[in-house]
Amino acid sequence: MSSISIGMALRDALMTDERVASLATACFPVVADDATLPYITYYCGEMVEAATKDCRGYDRLRMFVECYSADYDSGVELAEAVREALRNPGRGMRGCFLADRKELRASGAFCQQMVFEIRSSLN
């Protein structure tokens with residue numbers, strides 16, 4: 001799997017996690033149209049190729065993961081489950097770390113927005 005398709009690996013890591021799957025109705029790339037709360041969206045905000053001494057390198061990505069919910073408490077619970085599911089994701093991701101987060105209200109829902117920095121093997 002390459003860095004271009006890392007979103008599919010991220011979605012797989014989230015939706016195969018029992019706790020996340022029990023708390024979210026779905027996980028969508030980029031945007032969700034007509035989704036039922038609670039749900040997750042994700043997208044790549046930045047990708048940078050980094051070289052190493054042996055020139056094989058890796059890509060560094062900033063993936064935005066947003067958890068939407070009808071109430072604040074269930075959104076926080078979902079965000080905690082997402083963070084835990086991405087601690088050791090595998091699937092071509094060599095590291096996945098929470099780099100930033102914020103809370104907002106969007107489209108009539110509470111949103112927990114998290115930014116994960118991911119290192120991905122070059123294929």
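Calculation criteria
- Residues numbered from 1 in each chain as written.
- Predicted model: local features only at pLDDT ≥ 70, side-chain atom pairs only at ≥ 80, totals over all residues.
- Heavy atoms only, no water.
- Pairing = 2+ DSSP bridges.
- Helix = DSSP H or I, 4+ residues; strand = E, 2+ residues; numbered from the N terminus.
- Buried < 20%, exposed > 50% of the residue type's maximum accessible area, 1.4 Å probe, protein only.
- Core = buried A, V, L, I, M, F, W, Y, C linked by side-chain atoms within 4.5 Å.
- Contact = heavy atoms within 4.5 Å.
- Polar contact = N/O pair within 3.5 Å; in protein donor to acceptor, adjacent residues only side chain to side chain.

Caption draft 1: Representation of the pairing of strand β4 (residues 93-106) in the model. Both β4 and strand β5 (residues 109-121) contribute to a ladder of 12 bridges, which runs antiparallel. Note on β5: the bridge partner recorded for Asp100 is Val115. Joining the antiparallel neighbours β4 and β5 is a turn of 2 residues, in which Ser107 adopts a positive phi near 55°.

Caption draft 2: Main features of unusual backbone geometry. With an omega dihedral of -10°, the bond running from Leu37 to Pro38 counts as a cis peptide bond. With respect to the helices, strands and loops of the structure, Pro38 is situated in the loop between β1 (27-29) and β2 (39-50). In this structure, Val30 takes a positive phi of about 65° despite not being glycine. Here Val30 lies in the loop between β1 and β2. Taking the relative accessible area as the measure of exposure, Val30 reaches 56% and is therefore exposed.

Caption draft 3: Just the nonpolar core, in detail. Ranked by size, the top nonpolar core spans 26 residues in total, and within it Leu14, Ile40 and Val82 carry the most contacts. Contributing elements (two or more residues each) for this core: α1 (6-15), α2 (18-23), β2, β3 (58-69), α3 (72-85), β4 and β5. Once residues within four sequence positions are removed from consideration, Leu14 is found in contact with Val20, Ala21, Cys27, Ile40, Val65, Val82, Ala85 and Leu86. Ranked by size, the runner-up nonpolar core spans 5 residues in total, among them Ala32, Tyr39, Tyr68 and Ala109.

Caption draft 4: Layout of the side chain of Ser120. Mapped onto the fold, Ser120 is located in strand β5. Here Ser3 takes part through its side chain, which lies 3.1 Å from a polar atom of the side chain of Ser120.

So far we have only geometry, and geometry alone does not tell us how the molecule works.
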